[in-house]
Amino acid sequence: MNYSMIVYIIGWILAVEAALMVPSGIIAVIYGETVGWVFAATIALCLALGLPLIRRTPKNRVFYLKEGSVTVAASWIIMSIMGAVPFVLSGAIPHPVDALFETVSGFTTTGSSILASVEELPYCILFWRSFTHWIGGMGVLVFLLCLLPLTGSGYSMNLMRAESPGPAVSKLVPKVRETAKMLYGLYIFLTLLQLGLLLLGRMPLFDALCITFGSAGTGGFAIKNDSMGSYTIYQQAVTTIFMILFGVNFNVYFLFYMRKPKEAFRCEEARWYLAIIAASTLIITFFIRDSFENLALAFHHAAFQVGTIITTTGFATVDFNLWPAVPRTILVTLMLIGACAGSTGGGIKVSRIVILFKSVLLEMRRNLHPNVIQKVKFEGHVMERTTLRSVMIFFAAYAFIFAVSTLLIAVDNYDLTTNFTAVAATLNNIGPGLELVGPTQNFGHFSTFSKLVLTFDMLAGRLEIFPLLLLFHRDTWRRF
């Protein structure tokens, strides 16, 4: 284990987090909020802890996947702890565990909240709360890779693999640093495009920034108590489109950028993703058509809720907890499916679902025709055994964590729907669930113990489970 490199990268994480708090301090100055001092204090604390760790570049820069996983998991935990400090110091969220829950929910782009009323918060706190979504959407380590050659030649990919969501991460261009720059370039472009369209729709600049941060990171922290309900149809429609766009694998956008539209349209995962959205929207529209003035309005709200759930964003325009059983069941299913690999969305990922579905069909064919030799194909390629194995192991670990978490939070004695969807919402980085954690409710009523369990679930979901679990494996820290 290369401890010196791990400590060095964590030092840079603290330094970058200090820089990322500056805009929130500026917002405090603009709105004349004296509470902005909490960001100055936290920035000073981050720099005091981080700068000594980066004074010397380690001589040994060898960095394997084990180090990458440990660094990513440790970085996200430390980043979340420091990110919670402004909430505690300002008194916005005085309880440390509540503040940690809210911050982890922000960085992991979950959007679950313990706050009953967000409109009472200062602008600078609201801005930081939403900005954590944008930071966590693409990942702070990917951002660092854009700026610095952190590790030795060829080892940076181990950091990107550990932080980027999805069953497989590949380089878009030969150099990892250039890949990171390309990803963030696309991320910033789509962010600015949504911001511009919302401003054209006469949304106030502050609101447009916070909503865009939530959409880009597929997070879902709103700045109004009714989430997106009080915004115009145009503003909601723009948000719907961009939530769905940010849930697409960024490799597709890279192919368009490289003027290879045919290859982009051949992306199997994206086609499945869009087909699931279309089918779910039409079915839900049929079942809720009598709840709205006309069919077009029903379609609009169905599309928004489908988009926000499958991309694991978590905004809401209506209280879908009041919808009939079929639409609610579809939404819970979409919670589990999630967005595409290589996007800012959470969930199991469409690619894993498709691979699992094809594996089941193949096994059925083998039972019917034992002598037939067939392979699972995805994106035009035959899936290697290692990839199939990793998908199956992910499902097993996911199911285990889901079951144990649901059992653990049952100590609070809430109903099964509340507990099940609370775990689904946090492990899949969605935000709202059903019943007591529905879109008009919050997670504040859970006990401190349950909040810590759900905080673990948010981190596990964002980091694809294994980087976080490796922290608790004794072989990770053993010297061989």
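What counts as what
Residues numbered from 1 in each chain as written. Predicted model: local features only at pLDDT ≥ 70, side-chain atom pairs only at ≥ 80, totals over all residues. Heavy atoms only, no water. Salt bridge = Lys/Arg side-chain N within 4 Å of Asp/Glu carboxyl O. Helix = DSSP H or I, 4+ residues; strand = E, 2+ residues; numbered from the N terminus. Buried < 20%, exposed > 50% of the residue type's maximum accessible area, 1.4 Å probe, protein only. Patch = residues over 30% accessible without salt bridge, like charges linked within 9 Å, V, L, I, M, F, W, Y side chains within 5 Å. Areas by Shrake-Rupley, 256 points an atom, 1.4 Å probe, with all protein chains shown as cover. Expected span 1.5 Å × (residues − 1). Axes fitted to C-alpha atoms, helices over the stretch in contact; angles between N-to-C directions. Parallel < 35°, antiparallel > 145°, perpendicular 65-115°, else oblique. Contact = heavy atoms within 4.5 Å. Nonpolar A, V, L, I, M, F, W, Y, C, P; charged D, E, K, R; others polar. Core = buried A, V, L, I, M, F, W, Y, C linked by side-chain atoms within 4.5 Å. Polar contact = N/O pair within 3.5 Å; in protein donor to acceptor, adjacent residues only side chain to side chain. Left-handed = near helix turned anticlockwise from the far one by under 90°. Phe/Tyr/Trp six-rings, centres within 6.5 Å; stacked < 30°, edge-to-face > 60°.

(A) How the structure looks around the pattern of salt bridges. In this structure the tally under the stated criterion is seven salt bridges. With a shortest N-O distance of 2.6 Å, Arg-352 and Glu-464 are connected by a salt bridge. Residue Arg-352 is located in helix α17 (residues 350–368), and its partner Glu-464 is located in the loop between α20 (448–462) and α21 (466–469); the two are separated by 112 residues in the primary sequence. Glu-464 carries the same exposure label as Arg-352, and that label is buried. Through salt bridges with shared partners, one network takes in Lys-349, Arg-352 and Glu-464.

(B) Expanded view of a nonpolar patch on the surface. On the surface, a nonpolar cluster with roughly 470 Å² of combined accessible area is contributed by Val-22, Ile-26, Ile-30, Tyr-31 and Tyr-123. Top element by residues in the nonpolar patch is helix α2 (residues 22–30). It accounts for three residues. Looking at where Val-22 falls in the secondary structure, it is placed in helix α2. With relative accessibility at 38%, the residue Val-22 sits in the partly exposed group.

(C) Structural detail: unusual backbone geometry. Positioned with a positive phi, Ser-227 is a non-glycine residue whose angle comes to about 60°. Here Ser-227 is to be found in the loop between α10 (205–216) and α11 (233–246).

(D) Seen up close, helix α6 (residues 123–138). End to end, α6 covers 24 Å across 16 residues, agreeing with the expected 22 Å (1.5 Å per residue, within 8%). By the criterion of burial, α6 is predominantly enclosed, with 15 of the 16 residues buried. In the segment just after α6, Gly-139 is the residue with positive phi, at about 105°.

(E) View of the packing of α17 against helix α18 (residues 385–409). For the pair α17 and α18, the least separation of the axes is 10 Å and the interaxial angle reads 105°. Viewed along their axes, α17 and α18 adopt a mutual orientation that is roughly perpendicular. Contact residues: α17 offers Arg-352, Ile-353, Ile-355, Leu-356 and Ser-359, while α18 offers Leu-388, Val-391, Met-392, Phe-394 and Phe-395. Along the lines of polarity and charge, the residues of the contact of α17 with α18 split into eight nonpolar, one polar and one charged.

(F) Region of the structure containing the nonpolar core. Membership of the largest hydrophobic core comes to 140 residues, with the highest contact counts inside it found for Phe-250, Tyr-273, Leu-334 and Phe-443. If one sorts the elements of this core by residue count, helix α1 (residues 3–20) sits on top with 11 residues. Leaving out residues up to four positions away in the same chain, Tyr-273 has contacts with Met-243, Ile-244, Gly-247, Val-248, Ile-310, Thr-311, Ala-339, Cys-340 and Val-350.

(G) Summary view of helix α19 (residues 416–427). Look at α19: 16 Å from first C-alpha to last across 12 residues, which is about the 16 Å you get at 1.5 Å a residue. Across the 12 residues that make up α19, a large majority, nine, are buried. Looking at α19, one finds that the buried residues are Thr-418, Asn-419, Thr-421, Ala-422, Val-423, Ala-424, Ala-425, Thr-426 and Leu-427. Considering only its buried residues, α19 is in contact with α16 (325–337), α18 and α20. For α19, the side-chain oxygen to backbone nitrogen distance between the N-cap and Thr-417 is 3.2 Å, and the N-cap itself is Asp-415.

(H) Region of the structure containing the packing of helix α14 (residues 268–288) against helix α15 (residues 295–310). Packing of α14 against α15 brings their axes to within 8 Å, and their N-to-C directions diverge by 135°. Here α14 lies oblique to α15, going by the angle between them. Every pair of crossing elements has a handedness; the one defined by α14 and α15 is right-handed. On α15, the residues touching Tyr-273, Ile-276, Ile-277, Ser-280, Thr-281, Leu-282, Ile-284, Thr-285 and Ile-288 of α14 are Leu-295, Ala-298, Phe-299, Ala-302, Ala-303, Val-306 and Ile-310. In terms of residue class, the contact of α14 with α15 is built from 13 nonpolar, three polar and no charged.

(I) How the structure looks around the packing of aromatic side chains. Applying the stated criterion to the full structure yields 29 aromatic pairs. Taking the centre distance of 5.6 Å and the plane angle of 80° together, the rings of Phe-127 and Phe-213 count as edge-to-face. Placement of the pair is Phe-127 in helix α6 and Phe-213 in helix α10, with a sequence separation of 86 residues. Exposure remark for Phe-127: the relative accessible area of 6% places this residue in the buried category.

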